[in-house]
Amino acid sequence: MANYGYQGAYSTTTYGNQNAAAEGGGFMNGSQSGSQDSPGGTKITFVGQINSVSSQATNTTYKLDDGTGLIEVKQWIDADAIADSTNQLPKEGEYLRVWGRIKAFNNKRHIAVHVLRPITNFNEISCHLLEATAVHLYFTRGPPTGAEVKAEGGGDGGMFVDSNGGAAGGSSNASKVTRMSPIARKVYELLKSSTQSNEGLHVNVIAQQLHVPANDVYKAGDELLGEGVIFTTVDDETWAVLEY
Amino acid sequence: MADTPSTPRILAPHLDAFQNRTIRLIGRVTQLRGETATIDAQGTVTAILNRDAHLSVGHAVEIVGKVQGDLSVRVLQSTDFGAEREFDFAAAEALVDATHRYKEIFYSD
């Protein structure tokens, strides 16, 4: 099992399954239930294409391929729910969304299904895998703060780069602004979105457009100026967004 | 994990790096000509179809296939992803980018 630091806390994407798919074929030491090595972290959901279907007396086993590997997915048949047997089984080549739990049997990993749903909108596949990436990055790098966003855009060590020092400065501005008061955010958004010359917008214009007292706009301006995300232009009361 | 049948998601510009490998490619079908189809995936890809491939022009398609020496793709499996306008190619292309940028969670090599 690959050792990712967040294994235990992690539960909603293909990720757990990636490891299973890649390493389930006998790399695990002994037969153990998934919950032993990662308590609480075995419930997963993922999207995959059916590679094969085999119907057995007690369960239906699908081999699902999500592009990263194959994993067996077992859906146990509920003997009481006979009416369900008339339902059409998913066929090979179709895509499924699976919710389930990672289990191990004879050194081989599989997913015990809770819910299976065929995918009808194929954008869900892209969506799911992008979500999985986002979650992975969230756990390995922490929430997307200004520094993270910058590291994305410009390279590593973003923490100590001057926030106005590069192309990514804009996004870090945005993250600074998200921590400010609502009115400061509104003013920033307006300055950013309004078509303007180099001169920017005057306080009175901002107040008028946002329908707020000029006094509040001044306060918001102080906040934004203090963080250096806007600057004064023709006079102290005309501001523009500081961006390259 | 050599026996893991992973199928990396790629686009036309990456074909060169994936010769003789099984890949997964999403694109729009632009032309059908008997045994071959032309697929647009940030560039033109020639797909050599198998018997049970049912492609339609103007549809999005996902192909699992093997990249040949001449950079055509021999189709092993094809899945129709519906009409072109209903499929978000930008998302699919972003996904290809993400899977290679953060390959640690997608591919073992």
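What counts as what
- Residues numbered from 1 in each chain as written.
- Chains lettered and ligands numbered in written order.
- Predicted model: local features only at pLDDT ≥ 70, side-chain atom pairs only at ≥ 80, totals over all residues.
- Heavy atoms only, no water.
- UniProt positions renumbered as here; feature names shortened; annotations may be inferred.
- Helix = DSSP H or I, 4+ residues; strand = E, 2+ residues; numbered from the N terminus.
- Buried < 20%, exposed > 50% of the residue type's maximum accessible area, 1.4 Å probe, protein only.
- Contact = heavy atoms within 4.5 Å.
- Pairing = 2+ DSSP bridges.
- Phe/Tyr/Trp six-rings, centres within 6.5 Å; stacked < 30°, edge-to-face > 60°.
- Lys NZ or Arg CZ within 6 Å of the ring centre and 35° of its normal.

- In the nomenclature of an unreviewed UniProt entry, chain B is known as Replication factor A protein of Lachnellula hyalina.
- Per its UniProt entry, chain B bears the Sequence similarities (unreviewed entry) comment "Belongs to the replication factor A protein 3 family."
- Taken verbatim from the UniProt record of chain B, the Subcellular location (unreviewed entry) comment is "Nucleus".

- The name recorded for chain A in an unreviewed UniProt entry is Replication factor A protein, from Lachnellula hyalina.
- Looking at chain A in UniProt, the text filed under Subcellular location (unreviewed entry) is "Nucleus".
- If you open the UniProt record of chain A and go to Sequence similarities (unreviewed entry), you find "Belongs to the replication factor A protein 2 family."

Considering the environment of Leu15 of chain B
All names here are of chain B.
Okay, step 1: Within the element layout of this structure, Leu15 appears in the loop between β1 (9-10) and β2 (22-33).
Okay, step 2: On the basis of relative accessibility, which here comes to 4%, the residue Leu15 falls in the buried class.
Okay, step 3: Separated by 55 residues in the primary sequence, Leu15 and Asp70 have C-alpha atoms spaced 9.7 Å apart.
Okay, step 4: If sequence neighbours within four positions are ignored, Leu15 has contacts with Ile10, Val45, Val67, Leu71 and Val73.

Describing the pairing of strand β5 (residues 108-118) of chain A
The side chains of a regular strand alternate, first on one face of the sheet and then on the other.
Residues and elements named next belong to chain A.
Okay, step 1: Inspection of the sheet shows strand β3 (residues 70-76) paired to β5 by 3 bridges, in the parallel sense. Directly across from Glu72, in β5, lies its bridge partner His110.
Okay, step 2: The sheet contact formed by strand β4 (residues 95-105) and β5 spans 10 bridges and is antiparallel. The residue bridging Val98 from the neighbouring strand is Leu116, located in β5.
Okay, step 3: A loop of 2 residues connects β4 with β5, the two strands running antiparallel in sequence, and Asn106 in this loop sits at a positive phi of about 50°.

Quick look at the packing of aromatic side chains
Okay, step 1: In the structure shown here, the tally under the stated rule is 7 aromatic pairs over all chains.
Okay, step 2: Centre to centre, the rings of Tyr95 of chain A and Phe122 of chain A are 6.4 Å apart; their planes meet at 80°, and the pair counts as edge-to-face. Of this pair, Tyr95 of chain A sits in strand β4 while Phe122 of chain A is found in the loop between β5 and α3 (123-141), placing the two residues 27 residues apart along the sequence.
Okay, step 3: Classification of Tyr95 of chain A by relative accessible area gives buried; the value is 3%.
Okay, step 4: Judged by centre distance (5.5 Å) and plane angle (45°), the rings of Phe81 of chain B and Phe87 of chain B are tilted. For the pair Phe81 of chain B and Phe87 of chain B, a shared accessibility class is recorded, and that class is buried.
Okay, step 5: Ring-pair connections join several aromatic residues into one group, and the members of that group are Tyr95 and Phe122 of chain A together with Phe81, Phe87 and Phe89 of chain B.
Okay, step 6: Positioned over the ring face of Trp99 of chain A is Arg97 of chain A, at 5.7 Å from the centre of the ring.
Okay, step 7: Its end group placed over the ring of Phe89 of chain B, Arg28 of chain B keeps NZ or CZ at 4.1 Å from the ring centre.

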